[in-house]
Amino acid sequence: MHDKRVLVTGGAGFIGSNLANHLAAENDVVAVDDLHLGTPENLSEAVEFVDASVLEDDLPTQDVDVLFHLAAYSSYTMAEENKREATRVNVEGFVNAVEQAREDGCDTVVYASTSSIYGSRTDPSPEDLPVEARTCYEASKLAREQYGEYFHHHYDMTLAGLRFFSVYQGYGGAEEHKGEYANTVAQFAHQIANGERPELFGDGSQTRDFTHVDDIVRGIELAGDHELQGIYNLGTGESYDFNTMVEMINEELGTDVEPTYVENPLDVYVHDTKADATKIRETTGWEPQISFEEGVSRVCDPYK
């Protein structure tokens, strides 16, 4: 993507700032964030930052070619503890941002959904798999997908909903500000590097399709470039269990820190995830370029 004016909501957050900084090399980028969880320190000087909520009436949507909507309460715990506000931001904020962009002439939107609506699966999950909302977070992301269909059918806009799979980068990137909400790769690497034993739920056999944020950013950009319509998975198609992840971090850091195993405190917990990314691969040519081995090495590099 080049020579476009783009708006990234949640643009000072983890994924949003990575996307905004990447696009700013060849585009005019505006990042909107209310700093609930993001920080403008994540952004390069090439990105125009606007401190605003997606619930506000006067978003900077003038002359925008593509809206990348990433603003959200972005985890089960975060949403469950703030149901009303999370629903307003995740659903009303989505409708508000898309409607303002539409009114100002933008007809291309790429937005964040979630892979957690597939539930727990060790087989790859395709987009046409039956999904369900078991949490406030999942319900709000499914609502986005429904409103995406509405805007497409009613206004002939193109809206690509991307179901991300376990996105990570590490505290050496833009995850540190997320603290307890950062991906487990980032949290565990930081703990092990500092001699702390990471806590694993159950026996540590749960698996995730860990996808590096650089691959996610490329997928988001391609979705905007191709003006995709509908729902698309973004994940590697490979999964690693938490015990293996801890072993890999120890190997990279030259440490031997054993995890602590605790009872799972969460009422709803997805034990296993794995993406089937055939659809976006066939549509755009996207392929993950960063293996989990390389990704863990990148996460650990700042501590060496």
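Everything numeric here is computed off the predicted structure, so don't read it as measured data.

## Some points on a nonpolar patch on the surface
A surface patch of nonpolar side chains, about 260 Å² in accessible area, is lined by Tyr 147, Tyr 150 and Tyr 155. Here Tyr 155 shows up in helix α4 (residues 136–155).

## With respect to helix α3 (residues 83–103)
Between its first and last C-alpha atoms α3 spans 29 Å; for 21 residues at 1.5 Å apiece the expected length is 30 Å, and the two agree. At Gly 93, α3 shows its largest kink, close to 35°. Buried within α3 are the following residues: Ala 86, Val 89, Asn 90, Val 91, Gly 93, Phe 94, Asn 96, Ala 97, Val 98, Gln 100 and Ala 101. Elements that come into contact with the buried residues of α3 comprise β4 (66–69), α2 (76–80), β5 (108–112), α4 and β6 (158–164). Within two residues after α3, Gly 105 carries a phi angle of roughly 100°, on the positive side.

## Brief notes about the packing of aromatic side chains
Summed over the entire model, instances satisfying the criterion amount to 13 aromatic pairs. Ring centres of Tyr 118 and Phe 165 lie 6.2 Å apart, and the angle between their planes is 20°; this geometry places the pair in the stacked category. Pair noted here: Tyr 118 is in the loop between β5 and α4 and Phe 165 is in the loop between β6 and β7 (167–168), with a separation of 47 residues, a long-range link. Each member of the pair, Tyr 118 as well as Phe 165, carries the same accessibility label: buried. An aromatic cluster of at least three residues, connected via ring pairs, comprises Tyr 168, Phe 188, Phe 210, Tyr 240, Phe 242 and Phe 292. Residue placement shows Arg 102 over the ring face of Tyr 155; its charged tip is 3.8 Å from the ring centre.

## Focus: a negative patch on the surface
A cluster of acidic residues, Asp 34, Asp 51, Glu 56, Asp 57 and Asp 58, forms a negative patch on the protein surface. Locating Glu 56 in the fold gives a position in the loop between β3 (48–51) and β4. Taking the relative accessible area as the measure of exposure, Glu 56 reaches 39% and is therefore partly exposed.

## Details of the UniProt feature "domain: NAD-dependent epimerase/dehydratase" (unreviewed entry) in the protein
UniProt marks residues 6–235 with the feature "domain: NAD-dependent epimerase/dehydratase" (unreviewed entry), using the numbering shown here. Split by type, residues 6–235 is 34% helix and 19% strand. Its first and last C-alpha atoms lie 24 Å apart.

## Let's talk about the nonpolar core
A general tendency of soluble globular proteins is for nonpolar side chains to be buried together. If you look at the biggest cluster of nonpolar residues, it comprises 36 residues, and the most contacted ones within it are Ile 15, Phe 68, Phe 164 and Ile 220. Residue assignment for this core shows that the elements contributing at least two residues are β1 (5–9), α1 (14–23), β2 (28–33), β4, β5, β6, α6 (213–225) and β11 (230–234). The element that contributes the greatest number of residues to this core is α6, accounting for six residues. Counting residues in each nonpolar core, the second largest holds 19 residues, with Tyr 168, Leu 200, Phe 210 and Met 248 among its members.

Definitions and cut-offs
Residues numbered from 1 in each chain as written. Predicted model: local features only at pLDDT ≥ 70, side-chain atom pairs only at ≥ 80, totals over all residues. Heavy atoms only, no water. Patch = residues over 30% accessible without salt bridge, like charges linked within 9 Å, V, L, I, M, F, W, Y side chains within 5 Å. Areas by Shrake-Rupley, 256 points an atom, 1.4 Å probe, with all protein chains shown as cover. Salt bridge = Lys/Arg side-chain N within 4 Å of Asp/Glu carboxyl O. Helix = DSSP H or I, 4+ residues; strand = E, 2+ residues; numbered from the N terminus. Expected span 1.5 Å × (residues − 1). Bend = angle between axes of the 7 residues up to and from the residue. Buried < 20%, exposed > 50% of the residue type's maximum accessible area, 1.4 Å probe, protein only. Contact = heavy atoms within 4.5 Å. Phe/Tyr/Trp six-rings, centres within 6.5 Å; stacked < 30°, edge-to-face > 60°. Lys NZ or Arg CZ within 6 Å of the ring centre and 35° of its normal. Lys, Arg positive; Asp, Glu negative; His and termini not counted. Charge placed at Lys NZ, Arg CZ, Asp CG, Glu CD. UniProt positions renumbered as here; feature names shortened; annotations may be inferred. Core = buried A, V, L, I, M, F, W, Y, C linked by side-chain atoms within 4.5 Å.

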